[in-house]
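Given next are the chains, with one letter for each unit.
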Amino acid sequence: VILGSLSVPDQPAPDLRPPRHRVSARAVRYWAVRASAGWAVLGIAQAAWLVLASGGGSWHVIALVATVVLAAAHVTVMPRWRYAVHRWETAPGAVYTQSGWFDQERRIAPVARIQTVDTERGPLEQLFGLANVTVTTASAAGALEIKGLDREVADRLVDELTAATQADAEDAT
Amino acid sequence: VTAEGAAPAPPPETPWRRLSARMLLVHPVQEVVRAMPALVGLVVAGSGSGQGGRWALIGVALAIAAGTLRWFTTRYRVTPEQVQVRRGLLRRSLRAVSRDRVRTIDVSANPLQRVLGLVRLTVGTGLAERGPRGGGVRLDGLDARDATGLRDALLHDRPRGAAPGADQTAPEEVAAETELARLRPAWLAYAPFTLSGVLTVGAIGGFLINTADDLHLDPRHLGIVHRAGDVLGGAPLVLAIVVALLAVALLVAVCSTAGYALAFWGYRLTRHPSGTLHVTRGLLSTRATTIEERRLRGVELTQPLLLRGAGGARCDAIATGLGAGRGAERGTTLFPPGPRAVAARVAADVLRTTEPVTVPLTPHGPRARVRRFTRALSGSAVIVAAAAAGAIAGIWPDTVWEVALVTVPLAAALAADRARSLGHAVTPTALVARAGSLVRRRAMLSREGIIGITLRRSFFQRRAGLCTLTATTAAGRQAYAVLDVADDEALRVCDAAVPGLLDVFRGESG
């Protein structure tokens, strides 16, 4: 059976579907707030520049308007797009995540190869009741991250995966 | 009692051992050399008071004392479970590495050590590359014979069970090793194509210019430069440039060849029946790396553009505990730059199967090709546009954007070659992926070594129906990519490489 599966199958296998679960809906607002904070710094710096260097004239205004337009587009589009993409799923044998927005990524790791499962939440994320889960494997390039989960969901996920990983205690490299 | 004798039947308390006493001749010299800048500073600082010589003598004495102290304060022992090294007088440290964590052993010797029959032994663990100080243990200054014993003891008499793949019927008898490859002097001809001498020439050039500047020397007053100037002065500019370029190329070639000989002279690749590969090499400084085969996750065949043009290639091991690259701590070289056919044969021997090396690769098709061209040409378009803008604004002369136009055919050629390089295959044992033009790499990653799959699709890749499939692994570069492969083909590759992994996540969410 193993050798048979090596040859390219005659009929195409069904497509990979997206993972089943979305992240927390609160993540949309969190991402929007975080992005706005970044843009605000830039905007304030430009406004200060406009006021202080009064001789600058139209170029300063154009730059500030461009920044505001870009910021508005980013803050409205990015969080929704990201929420539509960010998904995750666990199966008995594997963990499956999908992330990104403009560039997107799907990662699949066999449970047998999982080394550690961590949760992590920053101060702003705590305010929104969110948590990130990171699943690492022995590969430095192989970590799966699920960002913007409900805190309870994250805790349950960690417990579940930790239990599943302890079941097989191989070298995992 | 050597470590050899200690390992099989360990006494309850293994005694601590010192480095070879001959190291007393090496460490002080090393310390003096290391302290040289400070010593020079002392002489200069002290010369005002007329006591520079005395201060320098005190400095040398201190350096020698430090070197001697290093021998007295360094001890090591190999217990049944661990390798332990104790260091330091005031700030003592004990580093212990669990023996079942030992993944590679590297034995090297610089010329001074070689004269005295000493070596430096580095024990690598999987974490060696990650931490700032590394997770391994280094013993600088063992007797060469002790080191061999220690290496065999650490890799072959494991506390739990033998390495798989070992021939159990003949465990520790005269271990007949098989030679897989050995350097042929003719391979030196490949050295100039490695361009490894570019850095050396650059460094020497920089040094010479600096020195001339410091000494207020005008190079035009030097005889040889003067005569060269006379000869070329009468010739047309183009000829002068060509001659100068040829001279630099010749210098690079000579330096590359010298560097190649220094690094790879005496190269030998052997297989030990207990399941290890040994790579020995080096002309003045020697280096012997031991890689456990059960840590081996594949082989990478690398061809820089020039070397590829000359029909050459080199091979690196993909092994856990060994990072990619060729730095001091990274002993991945399996085969130095040499004939591609021999490199391929060595790769097949190491993998114990020829299929990953010989299997025809599936090309990535026209959409991947178009993507290579758009990416390369948009890069050169930016350059040309910038140059043209500069010309219009009157900042730069017209020649700038005319010269910038040259990047267009270059980019196109690069794109065409990159597209030609793309290819992948799955064999019963390995995932094979090839990419790159300036450096073409063919990674042959063991299917068992794949510990995760990443499918990455950028905005433009999604529109083209392509994705980049990355197999993650605990070895080498940690991730090996199949670039710009069609979506359905990527899934077929996953299914073949890691059967069953994706099955649960297919079809309608039912």
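Below is a short write-up of the structure. Since the model is a prediction, treat every value here as computed from it, not as a measurement.

**Considering the packing of helix α13 (residues 365–392) of chain B against helix α15 (residues 407–421) of chain B**
All names here are of chain B.
- Two numbers describe how α13 lies on α15: the axes approach to 8 Å, and their chain directions differ by 160 degrees. In terms of their interaxial angle, α13 and α15 are classed as roughly antiparallel. Crossing geometry of α13 relative to α15 is assigned as right-handed. On α15, the residues that touch Arg369, Arg372, Phe373, Ala376, Leu377, Ser380, Ile383 and Val384 of α13 are Thr407, Val408, Ala411, Ala412, Ala415, Ala416, Arg418 and Ala419.
- Among the residues making up the contact of α13 with α15, the classes are represented as eleven nonpolar, two polar and three charged.

**Focus on the pairing of strand β12 (residues 296–304) of chain B**
Residues and elements named next belong to chain B.
- With nine of its nine residues buried, β12 lies for the most part within the structure.
- In this structure, β12 lies alongside strand β13 (residues 312–319), joined through six bridges in antiparallel fashion. Pairing of Thr302 across the sheet is with Arg314, part of β13.
- Here β12 runs beside strand β17 (residues 439–446); their pairing, made up of seven bridges, is antiparallel. Among the inter-strand pairings, Pro304 is bridged to a residue of β17, identified as Val439.

**Quick notes on unusual backbone geometry**
Residue and element names in this part refer to chain B.
- Within the chain, Arg352 stands out as a residue other than glycine whose phi angle is a positive 65 degrees.
- Its place among the elements puts Arg352 in the loop between α11 (340–351) and α12 (355–358).
- The phi dihedral of Asp484 is positive, around 50 degrees, even though this residue is not glycine.
- Residue position: Asp484 is located in strand β20 (residues 479–486).
- With a relative accessible area of 0%, Asp484 lands in the buried category.

Definitions and limits used
- Residues numbered from 1 in each chain as written.
- Chains lettered and ligands numbered in written order.
- Predicted model: local features only at pLDDT ≥ 70, side-chain atom pairs only at ≥ 80, totals over all residues.
- Heavy atoms only, no water.
- Axes fitted to C-alpha atoms, helices over the stretch in contact; angles between N-to-C directions.
- Helix = DSSP H or I, 4+ residues; strand = E, 2+ residues; numbered from the N terminus.
- Parallel < 35°, antiparallel > 145°, perpendicular 65-115°, else oblique.
- Left-handed = near helix turned anticlockwise from the far one by under 90°.
- Contact = heavy atoms within 4.5 Å.
- Nonpolar A, V, L, I, M, F, W, Y, C, P; charged D, E, K, R; others polar.
- Buried < 20%, exposed > 50% of the residue type's maximum accessible area, 1.4 Å probe, protein only.
- Pairing = 2+ DSSP bridges.

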